[in-house]
Each structure stands twice: as structure tokens, then as C-alpha cells.
Amino acid sequence: MSLGYLAEVVFLGTGATVPTLERFLPGILVRDRIGDAILLDSGEGVQLRLAQLGVSPSSIDVIAVTHEHGDHVNGLPGLLQSMYVGGRSRGLTIVAPASIAWFVSEALEAKEDRLGFKVDVIVAKGRGSLEVNRASGDTLTLYWFPVCHTVEAYGYSLEWKLRPRISLEKFEALGVKPGPWLRDLLERGEASLESIRVKLEDVIGRSGVTVKISYTGDTSPCDDYVESIRGSRVLIHDSTFHSELEVEARGKGHSTSKEAAEKALEAGAKLLVLTHISSRYRGFEARRLLEESRKVFSNTLLSRDLMRVTLGPLEHHPRS
Ligand SMILES: [Zn+2]
Ligand SMILES: [Zn+2]
């Protein structure tokens, strides 16, 4: 029996620089099964796509912005406004480079006495992390790392670390019933009961699992971020141009679809999703980017607005 997926990634905007009806500007919503909601970039149109999904802006816990270019941040004022109008009281965390932190606190005056909710702004600098959630030994952490664009820019990874799952059958075989001391067992690896000493390895059904996704934002295919995206289950990479425009890509601090594929290969990603697609590739023309990427990295998808990628499934331990 499957417990379904761990998390889903929904592409709210997959275009670059200027919006088209087909592709709004960058925004990626990541939601997991326990209710965490993280928005990566907040381009123009993000609110409309959220409305199409039936997702309230107020359900978002963390907004992580890659860099100061308008196509990645112009949706933020409207989003904060809607959270205010919606009567949000829960705090919001924004992770962004210093330029955006200034924009949020000074230009938008995103302060508790004005909005009715607290806005914690964390300035991304170098490499860093934020623990988004910790529940019963499972954790979700957001990591940021520098990428190579025309201005200071960061990529983000989200990493779920799931605790080992206990096997009830193995407990029963030992003649004990799980109780409140289980937490000790999970944290310390063993627990003493009145009549028996239980070691974690004796009752483990599934060892701990790490699931990671990464988003580069706008970047040239430099070496700086390869270690940070290594082992991603899903890698969402800048793929603004086809390689016939490699010179233009370099000049503008972007990647071609072929370069995105090479990075996915180098970093050992499982799935590559091409995004930040130039508006010059309309309709089926954009498939040229996909075809080019698949020649290097076969497990590639071309993003489109409202496309959904699920992570998982998590396996369930059958009782027999
Ligand atoms: Zn951009
Ligand atoms: Zn940019």
C-alpha cells in the first residue's frame, strides 16, 4: 500500500524576462504532505496561478527569492498585499539577497504594524540554511548557495530528511508494544524497557531517507553550485536558450538547455526540469530545448505553467 507522495512541485511561472499568456514569470510552489508550503521566486502572475490552483497566498510559509531582477520579484508586492487582505496573522519568512531584503523592508514596508503579521527577512549570503520544519524527527531544510548570474544570485535546495520507520512486526516479534519511549529509541538508537532492551537496528523497517530538490534560478553553467545541487531528485535549471544562442546565454548570465543537461549529469540528478524559457520559443518551438537536453540527459522535462511534479511515493510497511 502506498502512502502517496511526499511533496509536490508546481510550476506557477516558467517564462523569462517578459510574461506571455503561455508562460508567466518565475514562481515555483513546493508543498509537502505535512502542510509546508514554500514559494521559490515570486514573478508577476504568481497570484493568478495560485488562484487557478485554488491555493491561498496565506498558506505559504517561506518565500525564497533568487535575485533582484524584476521577473523574479515583481509578484511579491501583490502577494504580500493579498496576505494582508486575507487577514493573515501567521508570520512569513522571506529569504533573499540583501537587495531584495531592502526592497521588502524599506520599499514595501513589510512590517507587522502595517500588515498584521510578522515578516522575517533572512539575508542570503554565501551558503546557508533554514530549518523550515521539524516534526517527529523528520526535517525539512532550505539551503541557499551562490550561482553565476549578472547580479548577486542564489539557488535553493529543499531537503527532506525522514527518520527511520519502525516496523511494528519486528516489535511484536520481540514481544513488546511500542510506547512513549519510542522517541528515545529514535533519538538515541536504543531504549531500555523493564524487561527488554530494544535497539533501533532490530526494529527498523526502513532506514532514513533524504529527498532533495534544487532550483538554480538564473545562472550560467559555472562550477560554483555543482556540489550544492548534487544528488537532487529533481533539478530545476535555467534553460533560457537553445545552444544555438550560447553566446547570448553567456552574455546574459543564462544557460542553454544543453548546458542544463550537462549540469544534471554532472550533479547526478534523477530528473531535470528546464525552466526560465525565453519568450522567443513559443508553443511547440520550445520542444527544441527539450530535444536538445534529452540528447545529453534523457530524463528531462520541459516545464510549463501549472505543471506538477510529485516526489515519492513513500512506501508503507505492510503488516504482513
Ligand atoms: Zn530571470
Ligand atoms: Zn536574472
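Above this text sits the structure in question.
Residues numbered from 1 in each chain as written. Chains lettered and ligands numbered in written order. Predicted model: local features only at pLDDT ≥ 70, side-chain atom pairs only at ≥ 80, totals over all residues.

1. A few points about the nonpolar core
Phase 1 of the analysis: Counting 71 residues, the largest nonpolar core has Ile28, Ile38, Ala64 and Leu272 as its most contacted members.
Phase 2 of the analysis: If one sorts the elements of this core by residue count, strand E1 (residues 7-13) sits on top with five residues.
Phase 3 of the analysis: Setting aside chain neighbours within four positions, we find Ile28 in contact with Val9, Phe11, Leu12, Leu40, Asp41, Tyr215 and Ile236. (Core = buried A, V, L, I, M, F, W, Y, C linked by C-beta atoms within 7 Å. Buried ≥ 20, exposed ≤ 12 C-beta atoms within 10 Å, placed from the backbone. Helix = DSSP H or I, 4+ residues; strand = E, 2+ residues; numbered from the N terminus. Contact = placed C-beta atoms within 7 Å.)

2. Describing helix H11 (residues 257-266)
Phase 1 of the analysis: Taken across its 10 residues, H11 has seven buried, putting it largely inside the fold.
Phase 2 of the analysis: For H11, the secondary structure elements touched by its buried residues are helix H9 (226-229), strand E15 (234-238), strand E16 (271-275), helix H12 (287-296) and strand E17 (300-302).
Phase 3 of the analysis: The positive-phi residue at the C-terminal boundary of H11 is Gly268, with phi of around 65°.

3. What about the sheet that holds strand E4 (residues 62-64)?
Phase 1 of the analysis: Ordered by their spatial adjacency, seven strands build an open sheet running E6-E5-E4-E3-E2-E1-E18, and the pairing between neighbours is mixed. The open sheet has two edge strands with one neighbour each: strand E6 (119-123) and strand E18 (308-311). Averaged over all adjacent pairs, the angle separating strand axes in this sheet is 20°, with direction ignored.
Phase 2 of the analysis: Along the sheet face, helix H4 (residues 98-107) touches strand E5 (92-96) and E6 and points at about 160° away from the line of E6. (Pairing = 2+ DSSP bridges. Axes fitted to C-alpha atoms, helices over the stretch in contact; angles between N-to-C directions.)

4. Remarks on the pairing of E15
Phase 1 of the analysis: In terms of residue burial, E15 counts as a mostly covered element, since five of its five residues are buried.
Phase 2 of the analysis: Note: E15 against E16, five bridges, orientation parallel. Looking at E16, one finds that Ile236 is bridged to Val273.

Remember, this is a structural readout, not a statement about activity or role.
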